[in-house]
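Here is how the chains run, residue by residue.
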Amino acid sequence: MMVSEELIERCNQRIAAYDCEGFVYGQGPSRPVIMFVGEAPGETEIHNGKPFSGRAGRYFDAFLEQLHVTREDIYITSTVRSRPYKWGKGKNAGKKYNRTPNQKEIAAHAPILDVEIEAARPKLLVPMGRTAYWRLLGESPQMAEVTGSFFSSPIRRLESWEKRMYLFTDTSYTLFPLYHPAAVLYNRSLEADIYSHLEKLKQYISTD
């Protein structure tokens, strides 16, 4: 395991003030070629401890099949390791629903991702979706503007939790943003673009 239990406990204490539950560890080899960075676990994941095992996980597994890799070949992590939730209203009152993590929650768990990246030193970082992109690069563009292209850049590392201040690393990383697998659940028209992007990624892997 790349991250100490002491650090996890400290980060979980920081996130305890917010509507988040459970904790899911990152999974994969210690020196992966690719590190996939998602948003946060959902209800399924916090119960079985397996990243991307819910509805979006079926699409993620299809991504890996397209790339001709397995979960044992890659590292899977996320910006927040607990499930952010909101309470339903009306007839759905008393039921929890997934939601996008806010900046305070992202900062609370930011040191975990920082340590994972520094320890794994992946050849390629794949942020999936706007939350992961913002966490690493400090920008929140429309994903259609940035997906499917390789580029090199420093990434953000948390400098101050109290101020939620990030600094960019001295090291540059190669990144290849993708749509989050859950995007297909809401917009099937993205599927063709996603698989076109995955073909580029597969070529990168095959020439590694």
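Residues numbered from 1 in each chain as written. Predicted model: local features only at pLDDT ≥ 70, side-chain atom pairs only at ≥ 80, totals over all residues. Heavy atoms only, no water.

### A look at the overall build of the protein chain
Applied cut-off: Runs of H or I in DSSP of at least four residues are treated as helices and runs of E of at least two as strands, each being numbered from the N terminus. With C-alpha atoms as the basis for the radius of gyration, the globule rule is written as 2.2 Å multiplied by the number of residues raised to the power 0.38. Note on contacts: a residue pair qualifies if any of its non-hydrogen atoms lie within 4.5 Å across the two residues. Each accessible area value is a Shrake-Rupley result obtained with a 1.4 Å probe; residue values ignore everything except the protein chains displayed when judging cover. Note on charges: Lys and Arg go in the positive column, Asp and Glu in the negative column, and His and the chain ends are not counted at all. Taken as the charge location is NZ of Lys, CZ of Arg, CG of Asp or CD of Glu.
Tallying secondary structure elements over the protein chain gives seven helices and eight strands in all. A compact globule built from 208 residues would reach a C-alpha radius of gyration of about 17 Å, and the protein chain, at 16 Å, matches this within 12%. If one aligns the C-alpha atoms of the protein chain with their principal axes, the spans along those axes are about 45 × 40 × 30 Å. Considering only contacts in the protein chain between residues 6 or more positions apart, those separated by 24 or more positions represent 70%. Total accessible area computed for the protein chain in this model is approximately 10,400 Å², and 47% of it derives from carbon and sulfur atoms. Across the protein chain, 27 positive and 25 negative side-chain charges occur, with their mean positions spaced 5 Å apart.

### A short note on unusual backbone geometry
If you check the backbone angles, R121 has positive phi at about 45 degrees while not being a glycine. Inspection of the secondary structure assignment puts R121 in the loop between helix 4 (103–120) and strand 6 (124–127). If you check the backbone angles, R164 has positive phi at about 50 degrees while not being a glycine. Take R164: it is sitting in the loop between strand 7 (151–160) and strand 8 (165–175).

### Here's the deal with the layout of surface pockets
This is how the line gets drawn: In this analysis a 1.4 Å probe is tested at points of a 1 Å grid over the protein atoms alone, and where it fits but cannot get out there is a cavity; an open set with protein on both sides within 12 Å along at least five of seven lines is a pocket; lining residues have an atom within 4 Å of a point. Grid points are joined across faces, edges and corners, and a volume is the space filled by probe spheres set on the points. All amino acids are sorted into three groups, where Ala, Val, Leu, Ile, Met, Phe, Trp, Tyr, Cys and Pro are nonpolar, Asp, Glu, Lys and Arg are charged, and the leftover types, Gly among them, are polar.
Of the volumes computed, that of the largest pocket is approximately 1,000 Å³. What lines the largest pocket is a set of 43 residues, and nearest its centre among them are E39, A56, N98, H180 and A182. Of all the elements in the fold, those that place two or more residues in the lining of the largest pocket are helix 2 (43–48), helix 3 (55–67), strand 3 (75–78), strand 4 (83–87), strand 5 (96–98), helix 5 (130–137) and helix 6 (183–186). Tallied by class, residues from the lining of the largest pocket come to 19 nonpolar, 14 polar and 10 charged.

### So, the environment of R135
This is how it is decided: Categorising residues by exposure relies on relative accessible area from a 1.4 Å probe, with only protein chains included: less than 20% of the type maximum marks a residue as buried, more than 50% marks it as exposed, and the intermediate range marks it as partly exposed.
For R135, the position within the fold is in helix 5. Given the relative accessible area of 0%, R135 is considered buried. Put simply, R135 and R156 are 21 residues apart on the chain and 7.0 Å apart in space, counted from C-alpha to C-alpha. Setting aside anything within four residues of it in sequence, one finds R135 in contact with T79, I106, A110, L113, D114, R156 and Y166.

### As for the packing of aromatic side chains
So the rule is basically this: Ring geometry is summarised as follows: Phe, Tyr and Trp rings, the Trp one being its six-membered ring, pair when their centres sit within 6.5 Å, and such pairs are stacked at plane angles under 30 degrees, edge-to-face over 60 and tilted between the two.
Going through the model one piece at a time under the given rule, you end up with eight aromatic pairs. When the centroid spacing of 5.4 Å and the interplanar angle of 90 degrees are considered together, the rings of F36 and F60 count as edge-to-face. Here F36, found in strand 2 (residues 34–38), pairs with F60, found in helix 3; they are 24 residues apart in sequence, far enough to count as distant. Measuring from ring centre to ring centre gives 4.6 Å for F52 and F60, while their planes differ by 20 degrees; the resulting arrangement is stacked.

### Quick word on the sheet that holds strand 4
How we decide: The pairing criterion for strands is at least two bridges between them, as found by DSSP.
Sheet architecture is open: three strands sit in the order 1-4-5, paired in antiparallel fashion. Taken across any chain shown, the strands that pair with only one partner, and hence form the sheet edges, are strand 1 (20–21) and strand 5. Here two bridges tie strand 1 to strand 4, and the two strands are oriented antiparallel to one another. Looking at strand 4, one finds that C20 is bridged to P84.

Limitation: the analysis is restricted to geometry and does not speak to function.
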